[in-house]
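Observations on chain architecture
So the chains spell out like this:
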Amino acid sequence: MSKKFVFSFGKNQCEGDGSQKYLLGGKGANLADMVKLGLPVPPGFTISTEVCTYFYQNGKSYPSELKSQVESCIKNLEKDLADTGMKFGDRKNPLLVSVRSGAPVSMPGMMDTVLNLGLNDETVQGLIEQSKDSRFAYDSYRRFIMMYSDVVLNVNTSYFETALEHKKADLGLDLDTELTDDHWKSLVKEFKSIVVEQTGKTFPEDPMEQLWGAIGAVFSSWMNPRANTYRKINNIPEHIGTAVTVQAMVYGNMGDDCATGVAFTRDPSTGEKKFFGEFLVNAQGEDVVAGIRTPQPINEESFNDQNKHLPTLAKVLPIAYQELVALYQKLESHYRDMQDVEFTIQKGKLFMLQTRNGKRTAAAAVKIAVDMVKETLIDKKEAVMRVTPEQLDQFLHPRLDPKAKKDLLAKGLPASPGAVSGKIVFDPDTAETWVKEKKEKVILVRIETSPEDIHGMHVAEGILTARGGMTSHAAVVARGMGKTCVAGCAAIKILMEQRKMVIGNREFQEGDWLTLEGSSGEVIAGKVDTVTPDITGSFHEFMEWVDDVRKLKVRTNADTPADAKVARKFGAEGIGLCRTEHMFFDPERIEAVRQMILSDSRAEREKALAKILPMQRKDFFEIFQEMRGLPVTIRLLDPPLHEFLPHDEKDVRALAKEMDVPYEQLYRRKETLHEFNPMLGHRGCRLGISFPEIYRMQVRAIVEAACELKKKLNQDVEPEIMIPLIADWKELQYIRTYCEEEIQKVFQEHNVKVPYSIGTMIELPRAALTADQIAASEKGNAEFFSFGTNDLTQTTFGLSRDDSASFLGTYSEKKIFPDPFVSIDEDGVGELMKLAVQKGKGVRGSSMKMGICGEQGGEPRSVHFCHKIGLDYVSCSPYRVPIARLAAAQASVKNKAL
Ligand code: PEP
Ligand code: MG
């Protein structure tokens, strides 16, 4: 038996249903469903998405069975309409059809449609006879020629529009509705000669030829630039293809008892439960969206400033309206989701042309999900699946006002979300002065940021960098602070000396306004209005359900008590990564830190460390206090030391004076710290091996803070001390031994003990491969693992996390591989993680705590992966905590842990 490619829907035969979206497309599947529900749907047939796949794999040709299957479906269609006597191509009583696209995932307006197909110079006479309305028939005919020529023959509609405008001008008329049948008839002639002029061929008169032309054009539109871009933005795979639905026409343009419109079963922008829509009397579908006439409201709930003076459908065609109300309720309870419906009323009779789950804003998605649980339409698990993590992200940050105009300059990486405007500044000191003294709002624009820029980043509204990827310093710090950041925007050139920025052929001076949209990576000229989300009402209820469902814990990466506080507000269940070095950049501390680094002897270093100790202890005390008993993982010093040093001669001289050492001596010491490849140099635990006194001081500060908390506030805390960049278990054993020595000393001095644990980050492939040795109690004795996937990605790929943004864009475009710093590379980095989990749990048992603290820890796909491989928690920047909570809940609904 030959394969079935075409599926009929109608009274006599209905071959598909709503579960077959991937075969019949959303439109085809839902039309079949509506027929089965007994709704008034014009009959038709759907050519499956498999034909689309075949079409592209076989030089735009069709499977051999297709022709006969389409022909037999046309016969079915005619049978279904037997009581009307209509036949495709019949001169006396022609059946006209629409040909539309329908992908498995809705892509509104991205592909092509042809209406009124089947008309020619003969069948138009039949249409006149049947409808007794020659104006309607010629109006339909000219619409068909315009649409078909545009979509199938590639003749630009502007030629036809110009001809129409000239005609109206010659006749002294303003509106299309004022044209008579004779006017349209003569326009049809003109339109046909335009086609001959533009294509060198006559307009096809044979309805069958027209049909195949339209089917081919709709399949071809799957690859048009609009559809390609839409798929890219929405992560819709190309291989799923589109179906083509051919359906008997019904007419909204047969007179004043006819209409066509679209409606939503709930408000798509607020989620409010109200039936809401627009329509036009005596019109066809495309007129509603074309904006030539202002659409009328279907009911009073749909009034707005533009349409409130116009009569509603409820008033104009009350019977059809009442029927529409009954049908929308039926559809919503069938699909158990907000529907976006298209309808046509022909001579007072209502037809449904389409229904689909309606697109909605983030706020509406949350409200609709919560309301539908209360209405017992869906359960809480389903509600959790109804809001995407991206929508939640949108929900939690200010966005550009959708009504505002924007002058888009360039796109960079969407490093940290939110929409902000400010005046351009090119260095952190100017940022600080302008904000503090001039009370300005600023955007800090840098080639790339370094830890020294932190004060400027802190006061800026947002940060824009020309270089650096999703885990670059700017991206990591901005995310942690909840600042908007667009990173790695290669299109900008910063001319520091002239204090200006060039994008293409446009120049921007310091002080010019700039707007950043951190969720899309857009860089926009000037100031653009933003809208602030309203996080009240349904949101909290929704998040409670999210927490009930998920298994993964969600912690935060927080370096200061202020960050910790924000993270708790967003629902963090502990700190997964406290990067102690970020505390070092405070202006009051950096001096002491620099002294520690530039000391020539251990004694001098210890003197400097003694100054830092109380400051660190105070930070840890406040962080523990803020986290009230929740786990806190503190990582000991990680970056190469020279990151903390002054770069300018002026600053080095000032420091020499302060330290009372000759400038030359200090300069030489600074030079000895220079490294060619600091990311793979003297950093992480390697510092702890060379200078145990640094880690001893940090461990002391941590444990003293915990003891103090116990003594003063009787509050328990179990610090998790984390050693970075371990490659071999002996490194950990060495460091652990002296840390424990220091901890015991603190217990004795304070006469109190607190529980603690010592573990490691897994950031190097060797650590993952030897995770059993690192975890084994007689070797490394790591009590927990935290996957530092920023470094693990960098070292697995051998890709610099700071330099790769400049070429990874090309990698994505050429489909080599996507930026692995955004979402965990499951095949490589992910395999190493799985191995480390197995090996770690293999030697210490399943209770060994495992988490992730790399930037991917807040990225939904990576969160799913972490759930699947059995991690206990993910840790991410405070502002991403709600997103990670939702992604974790969706992961538990979708899959069980391995
Ligand atoms: C990591 O490498 O993933 C990590 C969290 O550490 P950092 O980004 O500070 O190197
Ligand atoms: Mg790291």
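Residues numbered from 1 in each chain as written. Chains lettered and ligands numbered in written order. Predicted model: local features only at pLDDT ≥ 70, side-chain atom pairs only at ≥ 80, totals over all residues. Heavy atoms only, no water.

1. Digging into the overall build of the protein chain
Keep this limit in mind: Only DSSP runs of H or I with at least four residues qualify as helices, and only runs of E with at least two residues qualify as strands; both kinds are numbered from the N terminus onward. The rule is simple: take the accessible area with a 1.4 Å probe, protein chains only, and divide by the maximum for that residue type; under 20% is buried, over 50% is exposed, in between is partly exposed. Throughout, a residue-residue contact means that at least one pair of heavy atoms, one from each residue, lies within 4.5 Å. Only the protein chains shown count as cover for residues, and all accessible areas are computed by the Shrake-Rupley method using a 1.4 Å probe.
Along the protein chain, the regular secondary structure elements total 34 helices and 33 strands. Along the first, second and third principal axes, the C-alpha atoms of the protein chain reach 105 × 60 × 50 Å. The buried share of the protein chain, reckoned over its 898 residues, is 58%. Partitioning the intrachain contacts of the protein chain with sequence separation of at least 6 by distance along the chain shows that 69% fall at a separation of at least 24. A total accessible area of about 37,800 Å² is found for the protein chain, and carbon and sulfur atoms account for 51% of it.

2. Describing the layout of surface pockets
Condition: We place a 1 Å grid over just the protein atoms. Points where a 1.4 Å probe fits but has no way out form a cavity, open points with protein on both sides within 12 Å along at least 5 of 7 lines form a pocket, and any residue with an atom within 4 Å of a point lines it. Grid points are joined across faces, edges and corners, and a volume is the space filled by probe spheres set on the points. Polar here means any residue outside two lists: the nonpolar Ala, Val, Leu, Ile, Met, Phe, Trp, Tyr, Cys and Pro, and the charged Asp, Glu, Lys and Arg; Gly therefore counts as polar.
Here the second largest pocket is characterised by a volume of approximately 1,400 Å³. As for the second largest pocket, its lining consists of 50 residues, and the residues nearest its centre are I454, H455, F585, D586 and P587. Secondary structure elements with two or more residues in the lining of the second largest pocket: α16 (428–436), α17 (454–459), α18 (473–481), α20 (561–569), α21 (587–598) and α23 (649–659). Class assignment for the residues of the lining of the second largest pocket results in 20 nonpolar, nine polar and 21 charged.

3. Some points on the site of ligand 1
Short version of the rule: Nearness of a residue to a molecule or strand requires only that one of the residue's heavy atoms be within 4 Å of it. In the analysis that follows, any N or O atom pair within 3.5 Å is treated as a polar contact, provided that within protein one partner can donate a hydrogen and the other can accept it, and provided that, for residues neighboring in sequence, both atoms belong to side chains.
R579, R635, G788, N790 and R801 are the nearest of the 14 residues found near ligand 1. Contact between ligand 1 and R579: an oxygen atom at 2.8 Å from a side-chain N or O atom of the residue. A distance of 2.9 Å separates an oxygen atom of ligand 1 from a polar atom in the backbone of D791. For ligand 1, whose unbound accessible area comes to 290 Å², protein coverage reaches 95%. Of all elements in the fold, only β27 (575–579) and α30 (789–797) reach the threshold of two or more residues within the shell around ligand 1. Classifying every residue of the shell around ligand 1 gives three nonpolar, four polar and seven charged.

4. Notes on the environment of P533
With respect to the helices, strands and loops of the structure, P533 is situated in the loop between β25 (530–531) and α19 (538–549). Each C-alpha atom, one on P533 and one on G574, is 26 Å from the other, the two residues being 41 residues apart in sequence. Excluding residues within four positions of it along the chain, P533 makes contact with F395, L396, H397 and P398.

5. Overview of the packing of α19 against helix α34 (residues 881–894)
Applied cut-off: Only the stretch in contact is used when a helix axis is fitted, and all axes are lines through C-alpha atoms; the angle between N-to-C directions ranges over 0 to 180 degrees. Angular relationships are summarised with four words: roughly parallel below 35 degrees, roughly antiparallel beyond 145, roughly perpendicular across 65 to 115, and oblique for the angles in between. Working rule for handedness: look at the near helix, and if it is turned counterclockwise from the far one by less than a right angle, call the crossing left-handed; if clockwise, right-handed.
At a minimum axis distance of 8 Å, the contact between α19 and α34 shows a crossing angle of 50 degrees. Regarding the angle of α19 to α34, the classification is oblique. Handedness of the crossing formed by α19 with α34: left-handed. Contacts between α19 and α34 involve F542, M543, V546, D547 and V549 from the former and P882, R885, L886, A889, S892 and V893 from the latter. Classifying every residue of the contact of α19 with α34 by side-chain character gives eight nonpolar, one polar and two charged.

6. Examining the coordination of the magnesium ion (ligand 2)
Basically, it comes down to this: Water is absent from the atoms considered, so a metal site may look incomplete; donors are defined as N, O and S atoms within 2.8 Å of the metal, or 3.2 Å for Na, K and Ca.
Donor atoms from the polypeptide that bind the magnesium ion (ligand 2) are E763 (OE) and D791 (OD), placed at 2.0 Å. With E763 in the loop between β30 (757–762) and α28 (765–769) and D791 in helix α30, the pair connects residues that are 28 residues apart, well separated along the chain.

7. So, the nonpolar core
Let me state the cut-off plainly: What is meant by a nonpolar core is a set of buried Ala, Val, Leu, Ile, Met, Phe, Trp, Tyr and Cys residues, joined one to another through side-chain atoms within 4.5 Å.
Residues F624, I723, F787, M833 and L871 are the most contacted members of the largest nonpolar core, which totals 101 residues. Sort the elements by how many residues they give to this core and helix α26 (residues 692–713) lands first, with eleven residues. Those residues within four positions of F787 in sequence are excluded, and the remaining contacts are I762, L792, M833, A836, V837, M850, G851, I852, C853, G854 and L871. Within the second largest apolar cluster, 71 residues are counted, among which are M110, A137, A214 and I236.

8. Here's the deal with empty space enclosed by the protein
This model, assessed by the stated rule, comprises three cavities of 30 Å³ or more. What the largest cavity holds in volume is close to 40 Å³. Of all the secondary structure elements, the ones that give two or more residues to the lining of the largest cavity are β1 (6–9) and α3 (66–80). Considering every element that reaches the lining of the largest cavity, the biggest residue donor is α3, with four residues. Across the lining of the largest cavity, the residue classes break down as four nonpolar, five polar and one charged.

9. Some details on α23
Our working definition: Working note: the arc is built from the helix axis to C-beta atom directions.
Looking at α23, one finds that the buried residues are V652, L655, A656 and M659. For α23, the arc enclosing every buried residue in end-on projection is 105 degrees, short of the 170-degree limit, so these residues lie on one face. In this structure, α23 carries K650 and K657 as exposed residues pointing more than 90 degrees from its buried face. Positive phi appears at D660, one or two residues downstream of α23, with a value of about 60 degrees.

10. A word on the sheet that holds strand β20 (residues 492–495)
Each strand in a sheet pairs with another by means of backbone hydrogen bonds, the pair being arranged parallel or else antiparallel. We apply this condition: Whether two strands pair depends on DSSP finding at least two bridges between them.
One open sheet holds the three strands; their spatial order is β20-β21-β22, and the pairing between them is antiparallel. The open sheet has two edge strands with one neighbour each: β20 and β22 (506–509). For this sheet the average axis-to-axis angle between neighbouring strands, irrespective of direction, equals 25 degrees. Across four bridges, the pairing between β20 and strand β21 (residues 500–503) is antiparallel. For I494, the partnering residue across the bridge sits in β21 and is M501.

11. Examining the sheet that holds strand β6 (residues 113–117)
Strand order in the open sheet formed by five strands is β1-β2-β7-β5-β6, and the pairing between neighbours is antiparallel. Every other strand in the sheet has two partners, leaving β1 and β6 as the edge strands with one partner each. In this sheet, adjacent strand axes meet at a mean angle of 20 degrees when their direction is disregarded. As paired elements, strand β2 (residues 44–47) and strand β7 (residues 243–248) share four bridges and run antiparallel to each other. Paired with I47 across the bridge in β7 is V244.

12. What about the state of the cysteines?
By definition, a disulfide links the sulfur atoms of two cysteine residues through a covalent bond. Stated precisely, the cut-off is as follows: Throughout, a disulfide means two cysteine sulfur atoms within 2.5 Å of one another.
The tally for this structure, following the rule as stated, stands at zero disulfides. The thiol of C739 is not disulfide-bonded; the next cysteine sulfur, from C685, is found 11 Å away. The class of C739 is buried, set by a relative accessible area of 0%. Cysteine C866 remains unbridged, with the sulfur of C876 as its closest cysteine sulfur at 11 Å. Taking the relative accessible area as the measure of exposure, C866 reaches 0% and is therefore buried.

13. A closer look at the pairing of strand β33 (residues 873–876)
Defined as follows: When the strands point away from the viewer, a crossover counts as right-handed if the route from the first strand across the helix to the second turns clockwise.
The alternating pattern of β33 places Y873 and S875 on one face and V874 and C876 on the opposite face, and all of these are buried. In the sheet, strand β26 (residues 553–557) pairs with β33 via four bridges, with the strands oriented parallel. Counterpart to R555 in the pairing with β33 is S875. Here strand β32 (residues 849–852) pairs with β33 via two bridges, running parallel. Following the sheet pairing, G851 is matched in β33 by Y873. Handedness of the crossover is the feature at issue here: the chain leaves β32, passes through helix α33 (residues 860–868), returns alongside β33, and the resulting connection is right-handed.

14. Things to note about a nonpolar patch on the surface
Short version of the rule: Only residues above 30% relative accessible area that lack a salt bridge enter a patch, with like-charged residues linked at up to 9 Å and the nonpolar side chains Val, Leu, Ile, Met, Phe, Trp and Tyr linked at up to 5 Å. By convention in these notes, a salt bridge is any Lys or Arg side-chain nitrogen within 4 Å of a carboxyl oxygen on Asp or Glu.
On the surface, a nonpolar cluster with roughly 270 Å² of combined accessible area is contributed by F807, Y811 and I816. Position of I816 among the secondary structure elements: in the loop between α31 (805–813) and α32 (829–844). Look at I816 and you get exposed, because its relative accessible area is 54%.

15. Observations concerning the packing of aromatic side chains
Note the cut-off: Only centres within 6.5 Å qualify two rings of Phe, Tyr or Trp (six-membered ring in Trp) as a pair; their planes then separate them into stacked at under 30 degrees, edge-to-face at over 60, and tilted for everything else. Here, over-ring charges are defined by two tests on the NZ atom of lysine or the CZ atom of arginine: distance to the ring centre within 6 Å, and angle to the ring normal within 35 degrees.
Within the structure shown, the criterion is met by 21 aromatic pairs. Here F136 and Y251 contribute two aromatic rings whose centre-to-centre distance is 4.9 Å and whose plane-to-plane angle is 80 degrees, an arrangement assigned as edge-to-face. One end of the pair, F136, is in helix α5 (residues 134–151); the other, Y251, is in the loop between β7 and β8 (259–264), with 115 residues separating them in the sequence. Under the relative-accessibility criterion, Y251 is labelled buried at 6%. Taken together, the ring pairs connect F55, Y56, Y62, W212 and F219 into an aromatic cluster. Across from the ring centre of F7, 5.2 Å away, lies the NZ or CZ of K4, which sits over that ring. Between K438 and the ring centre of W434, over which it is positioned, the NZ or CZ distance is 4.0 Å.

16. Notes on the pairing of β26
Judged by how many residues are buried, β26 sits mostly within the fold: four of five residues are covered. In this sheet, β27 lies alongside β26 in parallel orientation, the contact comprising two bridges. Note that in β27 the partner of N557 across the bridge is L577.

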